Amino acid sequence: MTTTHSTEVPTEAALPPATSTAVRVQNAVIKYGFVFVTVALFLYFALSEGSFRESATLLDTLRYVSVAAILGLGVTLTMAAGGMDMSVGAVAGLGVSVAAHTMVVLNQVGTVAILAVLLAGALAGLLNALLIVVLKIPDMLATLGTMFVIQGSKLILVDGQSITPGMTTSDGGTAPGRFTAGFLRIDRGTVLGVPVSVLIFGGLTVAAWVFLARTRWGRVLYAIGANPEAARLAGIRVGAHRALAYVVSGVLASVGGLILASRIGQGDVSAGTSQLLEAVAVALVGTSVLGRGRPNVWGTALGAVLIGIITTGLTIKGLPYYTQDVVEGAVLILALVFSFTLSKRRTA
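Now for a look at the structure at hand. All residue numbers here refer to positions counted from 1 along the written sequence of the relevant chain. Reporting in this predicted model follows two pLDDT cut-offs: at least 70 for local features of residues, and 80 or more for side-chain atom pairs to be given and counted; totals over whole chains, interfaces and linings ignore these cut-offs and use all residues. Only heavy atoms go into the side-chain values, all of them from the structure, while hydrogens and water stay out.

1. Digging into the packing of helix 8 (residues 216-226) against helix 10 (residues 238-264)
Note the cut-off: Orientation is described by lines fitted to C-alpha atoms, with helices fitted over the stretch in contact, and by angles between N-to-C directions that extend from 0 to 180 degrees. Numbering goes from the N terminus for both helices and strands, where a helix is a DSSP run of H or I of at least four residues and a strand is a run of E of at least two. Roughly parallel means an angle under 35 degrees; roughly antiparallel means over 145; roughly perpendicular covers 65 to 115; every other angle is labelled oblique. It only takes one pair of heavy atoms within 4.5 Å for two residues to be counted as in contact. Residue polarity follows a fixed list, in which Ala, Val, Leu, Ile, Met, Phe, Trp, Tyr, Cys and Pro are nonpolar, Asp, Glu, Lys and Arg are charged, and the others, Gly among them, are polar.
Remark: helix 8 packs on helix 10, axes separated minimally by 10 Å, with the N-to-C direction vectors making an angle of 105 degrees. By the criterion of interaxial angle, the relationship of helix 8 to helix 10 is roughly perpendicular. Between helix 8 and helix 10, the residues in contact are R216, W217, V220, L221 and I224 and V238, H241, R242, L244 and A245, respectively. Classifying every residue of the contact of helix 8 with helix 10 gives seven nonpolar, one polar and two charged.

2. A look at the packing of aromatic side chains
To keep things clear, this is the line we draw: The rule is short: rings of Phe, Tyr and Trp, with Trp giving its six-membered ring, pair when the centres are within 6.5 Å, and they are stacked under 30 degrees, edge-to-face over 60, tilted in between. Only when the NZ atom of a Lys or the CZ atom of an Arg is both within 6 Å of the ring centre and within 35 degrees of the ring normal do we say a charge sits over the ring.
Here the structure, examined in full by the defined rule, presents five aromatic pairs. Through pairs of rings, three or more aromatic residues link up here, namely F42, Y44, F45 and F52. Sitting over the face of the ring of Y222, R294 holds its NZ or CZ atom 4.0 Å from the ring centroid.

3. Some points on helix 12 (residues 297-316)
Using the following cut-off: Each residue after the first adds 1.5 Å to the expected span of a helix. Think of it in three bands: residues with accessible area under 20% of the maximum for their type are buried, residues over 50% are exposed, and the middle band is partly exposed, with areas taken using a 1.4 Å probe on protein chains only. What qualifies as a polar contact is a pair of N or O atoms within 3.5 Å, subject to a donor-acceptor requirement within protein and to the restriction that residues adjacent in sequence count only when both atoms come from side chains.
Taking 1.5 Å of rise per residue, 20 residues should cover 28 Å, and helix 12 covers 29 Å from first to last C-alpha, within 8% of that figure. Among the 20 residues that make up helix 12, 15 are buried, leaving the element largely enclosed by the rest of the structure. The backbone nitrogen of G299 has a side-chain oxygen 2.6 Å away, supplied by the residue at the start of helix 12, namely N296. Phi for G318, located one or two positions after helix 12, is positive at around 85 degrees.

4. Overview of a nonpolar patch on the surface
Applied cut-off: By definition, no residue in a patch forms a salt bridge, and every one has over 30% relative accessible area; like charges are joined within 9 Å, nonpolar side chains (Val, Leu, Ile, Met, Phe, Trp, Tyr) within 5 Å. Every accessible area reported is derived by Shrake-Rupley at a probe size of 1.4 Å, with residue values counting cover from the shown protein chains alone. A pairing counts as a salt bridge when a side-chain nitrogen of Lys or Arg comes within 4 Å of a carboxyl oxygen of Asp or Glu.
On the surface, V39, F42, L43 and L47 cluster together to form a nonpolar patch covering roughly 380 Å² of accessible area. Relative to the assigned elements, V39 resides in helix 1 (residues 17-48). Residue class for V39 comes out partly exposed when judged on its relative accessible area of 44%.

5. Observations concerning the layout of surface pockets
To keep things clear, this is the line we draw: In this analysis the probe radius is 1.4 Å and the grid spacing 1 Å, with only protein atoms considered; a cavity is a set of points the probe fits into but cannot get out of, a pocket is an open set with protein on both sides within 12 Å along at least five of seven lines, and lining residues have an atom within 4 Å of a point. Grid points are joined across faces, edges and corners, and a volume is the space filled by probe spheres set on the points.
Roughly 400 Å³ of internal volume is contained in the largest pocket. Looking at the largest pocket, it is lined by 16 residues, and the ones nearest its centre are S274, L277, E278, D325 and E328. Within the residue set of the lining of the largest pocket, elements represented by two or more residues are helix 11 (275-286), helix 12 and helix 13 (321-347). Each residue belonging to the lining of the largest pocket can be placed in one class, and the counts come to nine nonpolar, four polar and three charged.

6. Here's the deal with the pattern of salt bridges
Summed over the entire model, instances satisfying the criterion amount to five salt bridges. A salt bridge links D187 to R263; the shortest N-O distance between them is 3.1 Å. Taken together, the residues span a long stretch of sequence, with D187 in helix 6 (residues 181-188) and R263 in helix 10 at a distance of 76 residues. Judged by relative accessible area, which is 1%, D187 ranks as buried. The partly exposed category is assigned to R263, whose relative accessible area is 22%.

7. Topic: the nonpolar core
Heads up, the condition is: What makes a nonpolar core is a set of buried Ala, Val, Leu, Ile, Met, Phe, Trp, Tyr and Cys residues whose side-chain atoms join them at distances within 4.5 Å.
Core analysis: the biggest nonpolar cluster contains 61 residues, and L71, V75, V88, F179, F183 and L212 have the highest contact counts within it. Considering each element in turn, this core owes the most residues, 11 residues, to helix 3 (residues 88-105). The residues contacting F179, other than those within four sequence positions of it, are A100, M103, V104, L184, A261, G265, Q266 and G267. Grouped together as the second largest cluster of nonpolar side chains are 11 residues, L306, I309, I310 and L314 included.

See the structure below:
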């Protein structure tokens, strides 16, 4: 007589009580750990620093992270399609220079500047799409190349100098224009006490969530990111969808540039340089939210909020600015542990 041995893995209910409890705890840490860290840090700063609890401080925190968050949304879209856009900071900086040149040097109104900046962002996205989809250059290498090209082009556009009202132009004349009051409201204005840039951040977050989670295009992007060859065999136009992701990312980066231009009120040639790392960080941090282990819009938004909480809280406590990078890096590593190390153990 022969006997058979089952090779089935015991379910959680069949595990010993101690093991079952350990599994539930681990799953809870993976799913809610990052949210807990965010809430815990918020409560710590709120209870230890009275000024942190003020509504003005909280709104300023959201206003501060709005640019990185919006750029992070673009990075999230490209990550969903299996790529990575490293040019978002340069595109945002280009937007600052284009806005300043349009209004200050060319003496145009703010509406024209906004359209010019959005067009510049779309063209940058198209350039990335051309390099990646048509010329088959790996995403990260292509967008790094684009980053350097855009940074150099930005300097050429402004003759290597920041653009300010009343500045002396290259032909010896005086710049006739200025930043219009309406344009400056993009970051400095409020609606019912809420900064306009925060409203833009919120609106774009909702729009990006609807696009990724509630439309066929969004679901297709995730399918491409999971297995592009399988998506192609299923009849999906992989190239077109990936190109769309990079164009949208370029436009979102240009929106971040509009906010930056309104915030600083001049064409600073260094604008956008520091935004790339924060944008990539919040998008990567977002993968750990609710244990999803994949790019998602709400995770990116929460990652941006967490970065803002850390930066604002440490600033209020008087810690030197250079310590903030260390803390932000540690939080990023912790988030990646939630996303990759612990989640793999759960599925192993």
